[in-house]
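Residue-level structure breakdown
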Amino acid sequence: MTAHAPPSPAPPIGVLVELTHRCPLGCPYCSNPVSLERPAAELGTQTWTRIFTEAAALGALHVHLSGGEPTARRDIAEIVRGAAQAGLYTNLITSGVGLSEKRWSAIVEAGLDHAQLSFQGADQATNDRLAHYDSAWERKRAFAAMVTNAGLPLTINAVISRGNLHQVGAFIDLAVELGARRLEVAHTQYYGWALANRAALMPPRKEVEESIALVEGARTRLKGRLVIDMVIPDYYARYPKPCAGGWGRMAINVSPSGKALPCHAAESIPGLEFWNVRERSLAEIWRDNPAFQAFRGTDWMQEPCRSCERREIDWGGCRCQALALVGAAAATDPACHKSPHHARIAATAAAEAEADASAIRWRSYKDKVEA
Amino acid sequence: MTDMDSRSRPRLPRGVKLRHDDVRGRWTLLAPERIFAVDATAATVLQLCDGERDLAAIVAELAQRYNAPEAVIEKDVVAMLADLKAKRVLET
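Residues numbered from 1 in each chain as written. Chains lettered and ligands numbered in written order. Predicted model: local features only at pLDDT ≥ 70, side-chain atom pairs only at ≥ 80, totals over all residues.

1. Describing the overall build of chain B
Stated precisely, the cut-off is as follows: Each helix corresponds to a stretch of at least 4 residues labelled H or I by DSSP, and each strand to a stretch of at least 2 residues labelled E; elements are numbered beginning at the N terminus. Our radius of gyration is a C-alpha quantity, and the globule rule it is checked against amounts to 2.2 Å times the number of residues to the power 0.38. For the exposure call, what matters is how many other C-beta atoms sit within 10 Å of a residue's own: 20 or more marks it buried, 12 or fewer exposed, and in between partly exposed, using C-beta atoms placed from the backbone. By the criterion used throughout, residues are in contact when their C-beta atoms, derived from the backbone, lie within 7 Å.
Along chain B, the regular secondary structure elements total three helices and three strands. Counting helices and strands in the order they occur from the N terminus, chain B gives β-β-β-α-α-α. Relative to the 2.2 N^0.38 estimate, which gives 12 Å for 92 residues, the radius of gyration of chain B is 13 Å and therefore close to what a compact globule would have. Summarising its shape, the C-alpha atoms of chain B cover approximately 35 × 25 × 20 Å along the three principal directions. A burial count over chain B gives 27% of its 92 residues as buried. Summarising the internal contacts of chain B: among those between residues at least 6 apart in sequence, 51% fall at separations of at least 24.

2. So, the overall build of chain A
On a plain count of helices and strands, chain A comes out with 15 helices and nine strands. Taking 21 Å as the expected radius of gyration for a compact globule of 371 residues, we find that chain A reaches 20 Å, a close match to that expectation. In terms of its C-alpha atoms, chain A occupies a principal-axis envelope of roughly 60 × 50 × 45 Å. Going through the 371 residues of chain A one by one, you find that 51% of them count as buried. Nonlocal contacts in chain A, meaning residues at least 24 apart in sequence, comprise 74% of its contacts between residues at least 6 apart.

3. With respect to the sheet that holds strand E1 (residues 17–21) of chain B
Residues and elements named next belong to chain B. Counted only if it meets this: Here, a strand pair is defined by DSSP locating no fewer than two bridges between the strands. Axes, fitted as lines to C-alpha atoms, cover a helix only where it is in contact. Angles between the N-to-C directions of the axes lie from 0 to 180 degrees.
Pairing within the open sheet is antiparallel, and its three strands lie in the order E1-E2-E3. Strands at the two margins of the open sheet, each flanked by one partner only, are E1 and strand E3 (34–38). Direction aside, neighbouring strands of the sheet carry axes that sit 30° apart on average. Note that E1 and strand E2 (residues 26–31) share five bridges and pair antiparallel. Paired with Asp21 across the two strands is Arg26, which belongs to E2.

4. Some thoughts on the nonpolar core
Most often, soluble globular proteins keep nonpolar side chains buried together rather than apart. All names here are of chain A. Applied cut-off: Put simply, a nonpolar core is a cluster of buried Ala, Val, Leu, Ile, Met, Phe, Trp, Tyr and Cys residues tied together by C-beta atoms within 7 Å.
Core analysis: the largest hydrophobic core is formed by 128 residues, its most contacted members being Ala55, Val63, Leu88, Ile156, Phe171 and Leu183. Ranked by residue count, the leading element in this core is helix H5 (residues 136–149), at six residues. Once residues lying within four places of it in the same chain are set aside, the contact partners of Val63 are Gly14, Val15, Val17, Phe52, Ala55, Ala83, Leu88, Thr90 and Asn91.

5. Some details on helix H4 (residues 124–131) of chain A
All names here are of chain A. Inspection of H4 places Asn127, Asp128, Leu130 and Ala131 among the buried residues, and these make up the whole buried set. As for H4, its buried residues are in contact with strand E4 (114–119) and H5. Positive phi shows up at His132, right after H4, with a value of about 60°.

6. Concerning the interface of chain A and chain B
Note the cut-off: Any residue that is not Ala, Val, Leu, Ile, Met, Phe, Trp, Tyr, Cys, Pro, Asp, Glu, Lys or Arg is counted as polar, Gly included; the first ten are nonpolar and the last four charged.
Counting from both sides, the interface comprises 18 residues of chain A and, opposite them, 15 residues of chain B. Classifying every residue of the side of chain A that touches chain B gives seven nonpolar, seven polar and four charged.

7. Overview of the sheet that holds strand E8 (residues 251–254) of chain A
All names here are of chain A. One open sheet holds the nine strands; their spatial order is E7-E6-E5-E4-E3-E2-E1-E8-E9, and the pairing between them is mixed. For this open sheet the edge positions go to strand E7 (227–231) and strand E9 (260–261), each flanked by a neighbour on one side alone. Examined bridge by bridge, strand E1 (residues 14–18) and strand E2 (residues 62–66) share five bridges and lie parallel to one another. Counted as the bridge partner of Gly14 is His62 from E2. The strands that H5 touches are E4 and strand E5 (154–160); relative to E4, the one it contacts most, it runs at about 165°.

8. Looking at unusual backbone geometry
In the segment running from Gly67 of chain A into Gly68 of chain A, the intervening peptide bond is cis, with an omega of 10°. For Gly68 of chain A, the location among the structural elements is in the loop between E2 and helix H2 (76–85). A cis geometry characterises the amide bond from Glu303 of chain A onward to Pro304 of chain A, with omega recorded as 5°. The phi dihedral of Ala244 of chain A falls on the positive side, at around 55°, and the residue is not glycine. When you line up the elements, Ala244 of chain A lands in the loop between E7 and E8. Within the chain, Arg88 of chain B stands out as a residue other than glycine whose phi angle is a positive 65°.

9. A word on the packing of helix H1 (residues 45–58) of chain A against H2 of chain A
Residue and element names in this part refer to chain A. Using the following cut-off: In what follows, roughly perpendicular refers to angles from 65 to 115 degrees, roughly parallel to angles under 35, roughly antiparallel to angles over 145, and oblique to any angle outside these ranges. Each crossing is labelled by how the near helix is turned from the far one, with a counterclockwise turn of less than a right angle marking it left-handed and a clockwise turn marking it right-handed.
Two elements in contact, H1 and H2, have axes whose closest approach is 8 Å; the angle formed by their N-to-C orientations is 20°. Taken together, the axes of H1 and H2 are roughly parallel relative to one another. With respect to the hand of their crossing, H1 and H2 are arranged in right-handed fashion. Here Thr45, Trp48, Thr49 and Phe52 of H1 come into contact with H2, specifically with Glu78, Ile79, Gly82 and Ala83. Among the residues forming the contact of H1 with H2, the class breakdown is four nonpolar, three polar and one charged.

10. Observations regarding the confidence of the model for chain B
Rule in force here: pLDDT measures the predictor's confidence residue by residue and takes values from 0 up to 100.
Across chain B, the average pLDDT comes to 93, with 98% of residues at 70 or higher. Under the prediction, the complex receives an ipTM of 0.91, its pTM being 0.93.

11. Section: the packing of helix H6 (residues 168–177) of chain A against helix H9 (residues 205–221) of chain A
Residue and element names in this part refer to chain A. For the pair H6 and H9, the least separation of the axes is 9 Å and the interaxial angle reads 30°. The angle between the axes of H6 and H9 places the two elements in the roughly parallel class. Handedness of the crossing formed by H6 with H9: right-handed. Two secondary-structure elements touch here, H6 through Val168, Gly169 and Ile172 and H9 through Ser211, Leu214, Val215 and Ala218. Class assignment for the residues of the contact of H6 with H9 results in five nonpolar, two polar and no charged.

12. Let's talk about H5 of chain A
Residue and element names in this part refer to chain A. Note the following rule: Here a helix's expected span is defined as the number of its residues, less one, multiplied by 1.5 Å.
End to end, H5 covers 20 Å across 14 residues, agreeing with the expected 20 Å (1.5 Å per residue, within 8%). Looking only at H5, the buried set comprises Ala136, Trp137, Lys140, Phe143, Ala144, Met146 and Val147. Looking at the buried positions of H5, the neighbouring elements they touch are helix H3 (101–109), E4, H4 and E5. Looking one or two residues beyond H5, the residue adopting positive phi is Gly151, at roughly 80°.

Structure (structure tokens):
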């Protein structure tokens, strides 16, 4: 009988779809898994369209079209059309390097609502070095112009690590110059490939704090012109970030091959079986997949989370980070100052930031795809 | 201070959408990486922000609809629209 079945969880606000793991860039901060999925395993246009319809019916309002590089899909315009027709607000998260005017026009015509364009540096040399792609700077600037010429809102996503932390002010100027409505100053989060590269990327605490102050000043100065969101490096934080807004609470991710995940690093946690959207509906997965229930709510929590007054603010932080740094997915995220491991990881970060530039390992799609 | 006056024609820019969320039974304003819950009154105001009507016309229509003095309506509407403008989800 179902008398004791848990109540249906509140529906997700958004769905993030990783359309492909293919990507022309070689960013060392890539947070996708070290082992990537093959093109042959990717879902087809029809399946994505069905997922969008299911997501909207379930209660999702935003869809984030991501990857890898989502425009590496030849059918990207058809995918956008499917999402828009399902009634979702469509957000394209792109590197902006591979799109012709013609393909961009088709995407706009298909109903795209917003484009988020990544920059790796605020000048050509830094950008192209960190993107590991020679003409990326010029191509990105050209893409930004295509977005604003089409009248679409543009977000610039500046991914910050030690190599470009000094450019935060220049990124703000760049966003204004390119006509962006919104800027994300996104400090690298250390998952997947980025975790393997952490020693080469971690910035020093003092410079991080200076960059935060700089952003806060710019927010006031540019109020009404540019919205600035900031993701701080949580190794230096006092409280952890509520990863994905809480496990199985706000968001659902779908991998290129159709695995539904509570967050895009969730597969790093052993013992969880993630259902595939080829075989089950999104609603069924959201409600019934034990992997989504594993860390949903607060029942799974240990101390110090269990009795913490912030347990429904931080939701315990990030399960993947707890596993990666403490060895237990149900532990308090060590980014939290209440974690007994917090001092150790802050010291690790500081030591890595001080050690002179470790060799960067560039990401390469061709070399790292899973067999 | 606000640079809005009675001849401003407020509108939602491209990429900002007023939509009824049927699952949760409420109005929402969808914007880049943002979802604003909108109450029924605010939704009525935003439906009038079509880029055609000016602020004076919007206020007059709302005053009639809610049977309230225009001065009171105008104060509330300007405050609401100025807030949305600062968040870059409304243009005038």
